Amino acid sequence: MNSSRSPEYVFICAIIALIGFGTLVMYSAGAFTATMKFQNYAHYLIKHVKWLMLGGGLYFVASRFKYKNLKFMLPGIIGITWLIMILAFILNPTNKPSRTLIIAGQNWVTTSDVARIMLIIYTAYFLDKYQREISDWKFLLKNYSPIVGITLLIILRQPDLSSTFIIGLIIFTMLAIGGVSSRYLTIIATIAIFALSLKIVTSTYQMDRLMTWVESTENNKDQQQSASLLAMGSGEVLGKGPGSSSLKNGHLPAAHTDFILAILGEEYGFVGVLVLFMLFGIIFHNGIRILQIAPDRFGLFLALGIILNVIFYFLINVAYVIGFAPNTGLTMPFVSYGGSNTIFTLGAVGLLMSIAREASHGSTTYQKRMINV
């Protein structure tokens, strides 16, 4: 850390505060379900702490890793990612498409989490290496689209529509900010809308979920979102107090994962939700400051993808909890109970710190650019 005022220092402090606050809320939200399913009220807390420790280890390694070496390792990263995704299909004991790599009956990793980080690295690499060619939509279709398209189609086939959507959104935003051909963006946006629409209309489950959300504004048909809004509203300004939620006791499924914001709102009220938004705001602001001091174009876009990853997951989770979007099942970073998402997001944050550390090595340039941030 360059100083207590450096963006990386403030960023990490906000992450630590968010993890601490989130762990406290997650423990409360999952205690009832853990007791009912495992006869151990601390079951989810223990597993969550283990994942945080693994994520912390990955963060430590990534933060000291020279991120520029990722460019040379990229073919291997892509190959390993695809291998993991294919093995998830082959080793699934139900002989059906699977979102998770299962070995010896144990869930090892959610494959979309691996693919998400791989595609962020790949897109940053492409925007850096082919800076002069990104205005050529035909070049992009031929040289960039195949790897991204194959990866997203595998995720969609699992089936995991929500992860396909948010990963596609992260990549699309990176490309748009990177200045790629507007015609190319229009083409891939059209293809994406068609593919996602086709997936929804051909899937009874996805169509039911969408129609439930559409109709819920009139008759409160979506019981999860209705219970979520009730929980948040009952918290009022200061909340009922830690551990005092009543909706978590079997009335709100996925209280410790998808709908953890509702429990936070019930127990900590408007003030607690405001603190949560402030922490994510600090993370976003200082993430952008790190992006601005990135020592090269690859680091800039890698940092951008990592920041978008955290913020988009947060915003989409909030959107469906308060009824602004259909339930996607996407967790809130560093707050919700979730294994590989927590581990790989912490690893990505480590890469962000590696970018900041590399920038700080050029101390004179670093100080000058910091003044302008």
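Just so it is clear, the structure is predicted and the values come from calculations on it, not from any experiment.

> Help me understand the overall build of the protein chain, please; the structure alone is not making it clear to me.
What the protein chain contains, in helices and strands, is 14 helices and two strands. Its C-alpha atoms give the protein chain a radius of gyration of 21 Å, within 12% of the compact-globule value 21 Å for 373 residues. Along the first, second and third principal axes, the C-alpha atoms of the protein chain reach 55 × 50 × 45 Å. Going through the 373 residues of the protein chain one by one, you find that 52% of them count as buried. For the protein chain, contacts bridging at least 24 residues in sequence account for 73% of all contacts bridging at least 6. Of the roughly 17,300 Å² that the protein chain leaves accessible, carbon and sulfur atoms contribute 65%. Computed over 27 positive and 16 negative side-chain charges, the inter-centroid distance for the protein chain is 10 Å.

> Just to check I follow, could you spell out the nonpolar core for this structure?
Side chains of a nonpolar character, in soluble globular proteins, are inclined to be buried together. If you look at the biggest cluster of nonpolar residues, it comprises 106 residues, and the most contacted ones within it are F11, Y122, Y144, M174, L175, L276 and L302. Top contributing element to this core by residue count: helix α12 (residues 297-321), with 18 residues. For L302, the contacting residues outside a window of four places in its chain are Y67, L70, I120, I121, A124 and I355.

> What exactly am I supposed to notice about the packing of helix α2 (residues 43-63) against helix α13 (residues 339-361) here?
Helix-helix packing is characterised by the crossing angle of the two axes and by the distance between the axes. Two elements in contact, α2 and α13, have axes whose closest approach is 7 Å; the angle formed by their N-to-C orientations is 25°. Comparing their axes, α13 and α2 come out roughly parallel. Where α2 crosses over α13, the two elements pack in a sense that is right-handed. Note on element contacts: α13 touches α2 through G339, T342, I343, F344, L346, G347, V349, G350, L351, M353, S354 and R357, opposite H48, W51, L52, L54, G55, G56, L58, Y59, A62 and S63. Classifying every residue of the contact of α2 with α13 gives 12 nonpolar, nine polar and one charged.

> Help me understand the pattern of salt bridges, please; the structure alone is not making it clear to me.
Any two side chains of opposite charge can pair, so long as their charged atoms come close to each other. Tallied over the entire structure, the rule returns five salt bridges. Put simply, K68 and D296 hold a salt bridge, and the shortest N to O gap is 3.9 Å. Here K68 is found in the loop between α2 and α3 (70-90), whereas its partner D296 is found in the loop between α11 (260-292) and α12, with 228 residues between them in sequence. The class for K68 is partly exposed, based on a relative accessible area of 31%. Residue K240 pairs with E266 through a salt bridge whose shortest N-O separation is 2.9 Å. Note that K240 is positioned in the loop between α10 (223-234) and α11 and E266 in helix α11, a separation of 26 residues in sequence.

> How should the side chain of T342 be read in this particular structure?
Tracing the backbone through its elements, the reader meets T342 in helix α13. Apart from residues lying up to four places away in sequence, T342 is in contact with H48, L52 and S336.

> Is there a simple way to think about helix α6 (residues 145-157) in this case?
Every α-helix carries 3.6 residues per turn, so stepping three or four residues along brings you back to the same face. Given a rise of 1.5 Å per residue, 13 residues ought to cover 18 Å, and the 18 Å separating the end C-alpha atoms of α6 matches this to within 8%. The set of residues buried in α6 consists of S145, I147, V148, T151, L152, I154, I155 and L156.

> I'm lost on the packing of aromatic side chains in this one. Help?
For any two aromatic rings, the description comes down to two numbers: the centre-to-centre distance and the angle of the planes. By the definition in use, this model includes 16 aromatic pairs. Taking 6.4 Å as the distance between ring centres and 45° as the angle between the ring planes, the aromatic pair formed by Y27 and Y41 counts as tilted. A residue pair is termed long-range when its members are at least 10 positions apart, and Y27 in helix α1 (residues 7-38) and Y41 in the loop between α1 and α2 qualify at 14 residues. Overall, the relative accessible area of 29% leaves Y27 in the partly exposed class. Measuring from centroid to centroid gives 6.1 Å for Y122 and F126, while their planes differ by 55°, and the two rings are tilted. Note that Y122 and F126 are positioned in helix α4 (residues 111-129) at a spacing of four residues, about one turn of the helix. On the basis of relative accessible area, Y122 is assigned to the buried category, the value being 4%. In this structure F126 comes out as buried when scored by relative accessible area, which is 3%. Members of the aromatic cluster, connected to one another through ring pairs, are Y122, F126, Y130, F139, Y144 and Y184.

> How should I be thinking about the environment of I46 in this particular structure?
With respect to the secondary-structure elements, I46 resides in helix α2. What makes I46 partly exposed here is its relative accessible area of 41%. The spatial distance from the C-alpha of I46 to the C-alpha of S340 is 15 Å, given a sequence separation of 294 residues.

> What is the right way to look at a nonpolar patch on the surface in this model?
Taken together, the side chains of V237, L238, F270, V271, L274, V275 and M278 present a nonpolar region at the surface, about 650 Å² in accessible area. You can see V237 is positioned in the loop between α10 and α11.

> What should I look at first to understand the environment of A88 in this one?
You can see A88 is positioned in helix α3. A sequence separation of 11 residues divides A88 from R99, and the C-alpha atoms of the two residues are 6.9 Å apart. In this structure, A88 is in contact with S98, T100, L101 and T111, ignoring residues within four places of it in sequence.

> For this particular structure, what's the right way to read the confidence of the model for the protein chain?
Where the model shows low pLDDT, its predicted coordinates should not be examined in detail. On average, residues of the protein chain score 87 in pLDDT, and 91% of them reach the 70 mark or higher. Mean pLDDT across the elements of the protein chain bottoms out in helix α14 (residues 363-372) (45) and peaks in α4 (95). Note that pLDDT drops below 50 for residues 363-373; the model gives that stretch 21 contacts with residues more than four away or on any other chain.

Basis of the calculations
Residues numbered from 1 in each chain as written. Predicted model: local features only at pLDDT ≥ 70, side-chain atom pairs only at ≥ 80, totals over all residues. Heavy atoms only, no water. Helix = DSSP H or I, 4+ residues; strand = E, 2+ residues; numbered from the N terminus. Rg over C-alpha atoms; globule rule 2.2 N^0.38 Å. Buried < 20%, exposed > 50% of the residue type's maximum accessible area, 1.4 Å probe, protein only. Contact = heavy atoms within 4.5 Å. Areas by Shrake-Rupley, 256 points an atom, 1.4 Å probe, with all protein chains shown as cover. Lys, Arg positive; Asp, Glu negative; His and termini not counted. Charge placed at Lys NZ, Arg CZ, Asp CG, Glu CD. Core = buried A, V, L, I, M, F, W, Y, C linked by side-chain atoms within 4.5 Å. Axes fitted to C-alpha atoms, helices over the stretch in contact; angles between N-to-C directions. Parallel < 35°, antiparallel > 145°, perpendicular 65-115°, else oblique. Left-handed = near helix turned anticlockwise from the far one by under 90°. Nonpolar A, V, L, I, M, F, W, Y, C, P; charged D, E, K, R; others polar. Salt bridge = Lys/Arg side-chain N within 4 Å of Asp/Glu carboxyl O. Expected span 1.5 Å × (residues − 1). Phe/Tyr/Trp six-rings, centres within 6.5 Å; stacked < 30°, edge-to-face > 60°. Patch = residues over 30% accessible without salt bridge, like charges linked within 9 Å, V, L, I, M, F, W, Y side chains within 5 Å. pLDDT = per-residue confidence, 0-100.

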